[in-house]
Amino acid sequence: MDYERIAELLFPESKEGTEYYEEKYPPRDLPEGAKVTRLGPSPTGFIHLGNLYGAFVDERLAHQSGGVFFLRIEDTDDKRQVEGAVKMITDSLAFFGINFDEGAFAEGDVGNYGDYTQSHRAPIYHAFAKKLVAEGKAYPCFLTEEEIEKIREAQEEAKLTPGIYGKYARDRELGFDDVKANIEAGKPYVVRLKSTGKPETEDGRRIKVKDAIRGILDMPENYHDVVILKKNGIPTYHFAHAVDDHLMRTTHVVRGAEWLPSLPIHEELFRQLGFELPIYCHTAQLMKLTPEGNKRKLSKRHDPELSLGYYREQGYHPEAVREYLLTILNSNYEEWRAANPDADIDEFEFTTEKMSNSGALFDLNKLNDVSKDTLLRIPAPELYDFLYGWAKEYRPEAENALQDREYTEKILDLGRHDQKPRKDFICASQMLDFISYFFDDLYKADEHDELPAEVPAEDVPVILEKYLATYDHSDDQSQWFDKIRGIATELGYAAKPKDYKKNPDQYKGHVGHVSTVIRIALMGRSQSPDVHAIQQIMGEEMVRRRIGAWSI
Ligand code: GLU
């Protein structure tokens, strides 16, 4: 038969039949219902929020069901490779708590279903391409770029979809002798699938594919003779996806919605290869609301928050990012969290049915809110480790200031155990800024907030002198505040804000304005946690020094 002879001619080196690989990579021995998922990044060194979002789905599906989550490096496009990319990918994901069970790691492969790097799998792809050719389901195509361009022009003129299919697929039925002559003449070729489909206009069928997020997808079947092996023998994404996900026994393919249009190609490839179709999970694009209120895709160029590096540089806690991603991944997550405020995030039962299919809205303000709640749940010693670790890497100038663990932990815990706990912290960079006044090395005395307009400039040194003169570090909260009240009344300020409100003409201002002057002298801010508590942490020496520096 010609087909078999052509197959042998194209792949003389491919001796192992596909049965060999089927046996080598048998169905996985996993409990009923266990899901096998994978992440297939290209080694470009850029891993973004969209990847993390998808990886999170993969990870949850696999680990929640007692299945396997593996990493496959999709490097068939050799223009886009970057040294050290694999380590970067696994490190970035591990930072956010996403760990693989098997796959291609910087130290080498782990698992029985490898090799996990596509560029190392040429013999496997060739075995399956050879089988398709031998069965008359694929063929070598010798069309040149110019010939393809001419076909496209003719199709455009006839208002037809461009592509190699039907009568345009010139080399579909080339016999053995022609193929041999072309090869001997050194003509380059690709291997194409011989599609059995037809365009809808010619009674093409519709296919139904199960998508765990979108339900049953009803689409026109593929009819293009798509390329499965490029001229250099390297597979296209389509072919590698079919062969790899079959042999690696992937049960759920989680990938971006940009792959939806290719799904009919994959459906046909799996069918022609005799493989069972995995369950697809096409995730929604990450969108962002513009200031004008429109939705648009997050873009690498315009949105720094798309890069995972952004969260590490800003010092978002990985727990907060995970927590936030779950709020956009599953519509019932926030309700669950409200009912289970202290539960481990992994106790939440993640489901693909509760995922949005129409664009997941990413909102930094919302992340910040979620982050405030998440950080409140983290005990001060852990928060200290996190902040210190971050500062060491991203703010080395602050490392020294933060050396004193006991002091810093007290600062971090300030007001967090109150009836209505303070939620001051969002991320490490903001935390460091927020607490900077506690550290002489970080405090910038000249960058203070504006003094209250109610206090005339000449009153400022008087208030501060009096404050220093009466200051007793052992005063409790009410003794301390009584003294401020005393200073206020002495200088013509109301002892209570409501007195001032009632009779504004009788006073310069009220006790709040006087204490704001003290606050600003002490820490440069007009807003802060409780001043008495802050002074107790700062210690008497720092309090006297700060106030003293202002009262001259
Ligand atoms: N390498 C593909 C990508 O980066 C993977 C898509 C998939 O998961 O199938 O888009």
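From a predicted model like this one, the values you see are computed outputs, not experimental measurements.

> Explain the sheet that holds strand β13 (residues 295–297) here, please?
Hydrogen bonding along the main chain pairs the strands of a sheet, whether they run parallel or antiparallel. Strand order across the open sheet formed by three strands is β13-β12-β14, with mixed pairing between neighbours. At either margin of the open sheet sits one strand with a lone partner, and together these are β13 and β14 (360–362). The average undirected angle you get between the axes of adjacent strands in this sheet is 45°. Of the pairings in the sheet, the one linking strand β12 (residues 286–289) to β13 comprises three bridges and is antiparallel in character.

> So what exactly am I meant to see when it comes to the side chain of N330 here?
The topology assignment puts N330 in the loop between α11 (318–329) and α12 (333–339). There is a polar contact of 2.9 Å between the side chain of N330 and the backbone oxygen of T351.

> I tried to follow unusual backbone geometry on my own but got confused; where do I start?
Negative phi characterises most residues that are not glycine, and trans characterises most peptide bonds. Cis geometry marks the peptide bond from G114 to D115; its omega dihedral reads 5°. Within the secondary structure, D115 sits in the loop between β4 (108–110) and α5 (122–134). The phi angle at K159 is positive, at roughly 55°, despite the residue not being glycine. With a relative accessible area of 75%, K159 lands in the exposed category. The phi angle at D203 is positive, at roughly 70°, despite the residue not being glycine. Relative to the assigned elements, D203 resides in the loop between β6 (190–193) and β7 (206–211).

> Would you explain the site of the ligand in this entry?
The environment of the ligand is formed by R38, G40, S42, E74, Y237, V254, R255 and W259. Within the backbone of G40, an N or O atom sits 2.7 Å from a nitrogen atom of the ligand. A per-class count over the shell around the ligand returns three nonpolar, two polar and three charged.

Cut-offs and rules
In this numbering scheme, every chain counts its residues from 1 along its sequence in written order. Only residues with pLDDT of at least 70 are given local features in this predicted model, and only at 80 or more are side-chain atom pairs given and counted; all residues enter the totals for whole chains, interfaces and linings. Side-chain calculation: all heavy atoms of the structure are included, whereas hydrogens and water are not. One requirement defines pairing of two strands: DSSP has to find at least two bridges between them. By definition, any uninterrupted DSSP run of H or I lasting at least four residues is a helix, any uninterrupted run of E lasting at least two residues is a strand, and each is numbered from the N terminus. Structural elements are reduced to axes, namely lines fitted to C-alpha atoms, with helices fitted over the stretch in contact, and the angle between N-to-C directions of any two is expressed from 0 to 180 degrees. Polar contact is the term for a pair of N or O atoms within 3.5 Å; when the atoms are in protein, one must be able to donate a hydrogen and the other to accept it, and sequence-neighboring residues count only if both atoms are side-chain atoms. Here's how the labels work: a residue is buried when its accessible area is under 20% of the maximum for its type, exposed when over 50%, partly exposed in between, all with a 1.4 Å probe on protein chains only. Any residue with a non-hydrogen atom lying within 4 Å of a molecule or strand is treated as near it. Throughout, the ten residues Ala, Val, Leu, Ile, Met, Phe, Trp, Tyr, Cys and Pro are labelled nonpolar, Asp, Glu, Lys and Arg are labelled charged, and all others, Gly among them, are labelled polar.

This is a description of form; function is not addressed.
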